[in-house]
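Descriptive analysis of the structure
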Amino acid sequence: YRKTAKEMIVTPPEKEITLPSVDCSFTLSSEDYDWVIKTSSVLSSPHIGIKSDGEKVFITAFDPQNDSAHTDSLEISKGDGNTYKMIFKLENIKMISGSYDVKISSKGVSHFKHKTLNVQYWISTETGSKYGV
């Protein structure tokens, strides 16, 4: 039997987490999620980007530290007129495969809510993320 001090157990807060603002939102299909995870692995890309030119939204596997590294993008949604580039570390995107409703705040936090399971993730964006570029 294993034992630990009561103070070592971390429990989630009872207070509901909310985004400070929702600056971009879209649905990420299961196929698109699986594609970007596999592509990142094949290309050895440590980051995933969500980028919009205002007309279209793309998900990209890339390495921001190496301009000559291979990248690959996939269109995932129509744009809403806003331009942005949100960056996530691949190591932080350890989620159950499936479709997600995604909401991202320009304040540095995102919310991924699984469409069929009662699962949700709060993931921070990385330095270099920009809204209104």
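Residues numbered from 1 in each chain as written. Predicted model: local features only at pLDDT ≥ 70, side-chain atom pairs only at ≥ 80, totals over all residues. Heavy atoms only, no water.

Turning next to the overall build of the chain. Looking only at helices and strands, one finds one helix and nine strands in the chain. Moving toward the C terminus, one meets the helices and strands of the chain in the order β-α-β-β-β-β-β-β-β-β. Seen along its three principal axes, the alpha-carbon backbone of the chain occupies a region of about 50 × 30 × 30 Å. In the chain, which comprises 133 residues, the share counted as buried stands at 34%. If you sum the accessible surface of the chain, you get close to 8800 Å²; carbon and sulfur atoms cover 49% of it. (Helix = DSSP H or I, 4+ residues; strand = E, 2+ residues; numbered from the N terminus. Buried < 20%, exposed > 50% of the residue type's maximum accessible area, 1.4 Å probe, protein only. Areas by Shrake-Rupley, 256 points an atom, 1.4 Å probe, with all protein chains shown as cover.)

Spatially, five strands are ordered β4-β3-β2-β5-β9 in an open sheet, and the strand pairing comes out antiparallel. With partners counted over all chains shown, the strands left at the sheet margins are β4 (72-78) and β9 (130-131), one partner each. Here strand β2 (residues 47-53) runs beside strand β3 (residues 56-62); their pairing, made up of six bridges, is antiparallel. Within β3, the residue paired with H47 across the bridge is F62. Across the sheet, helix α1 (residues 30-43) touches β2, β3 and β4, and the angle it forms with β4 is around 165°. (Pairing = 2+ DSSP bridges. Contact = heavy atoms within 4.5 Å. Axes fitted to C-alpha atoms, helices over the stretch in contact; angles between N-to-C directions.)

Quick look at the pairing of strand β7 (residues 109-114) now. As paired elements, strand β6 (residues 100-104) and β7 share five bridges and run antiparallel to each other. The residue of β7 that forms the bridge with K103 is H111. From the end of β6 to the start of β7, which pair antiparallel, there are four residues, and G108 there has a positive phi angle of about 105°. Here β7 folds back onto strand β8 (residues 120-124), and the loop between the two strands holds five residues.

Right, let's talk about the nonpolar core for a bit. The biggest cluster of nonpolar side chains holds 22 residues, and the ones touching the most others in it are L28, I50, F88, M95, I104 and F112. Where this core is concerned, the elements lending two or more residues are β1 (24-28), α1, β2, β3, β5 (83-89), β6 and β8. With residues up to four places along the chain from it excluded, the contact list for F112 reads L28, F88, M95, Y100, D101, V102, V119, Q120, Y121 and I123. (Core = buried A, V, L, I, M, F, W, Y, C linked by side-chain atoms within 4.5 Å.)

Turning our attention to the sheet that holds β8. Within the open sheet, the four strands sit side by side as β1-β6-β7-β8. Their pairing is antiparallel. Because the sheet does not close on itself, it has two edges, and the strands there are β1 and β8. When strand polarity is set aside, the average angle formed by the axes of neighbouring strands in this sheet is 15°.

A few words on the side chain of S52. In this structure, S52 sits in strand β2. Only 3.3 Å separates the side chain of S52 from the backbone oxygen of K56, close enough to count as a polar contact. In this structure, S52 is in contact with V57, G79, N82, T83 and Y84, ignoring residues within four places of it in sequence. (Polar contact = N/O pair within 3.5 Å; in protein donor to acceptor, adjacent residues only side chain to side chain.)

Take the packing of aromatic side chains next. Under the counting rule described, the total for this entry stands at five aromatic pairs. With 6.1 Å between their ring centres and 10° between their planes, Y84 and Y131 make a pair best called stacked. Here Y131 lies in strand β9 and Y84 lies in strand β5, a separation of 47 residues in the sequence. In this structure Y84 comes out as buried when scored by relative accessible area, which is 2%. Overall, the relative accessible area of 34% leaves Y131 in the partly exposed class. (Phe/Tyr/Trp six-rings, centres within 6.5 Å; stacked < 30°, edge-to-face > 60°.)

Purely spatial values, then, with no claim about function.
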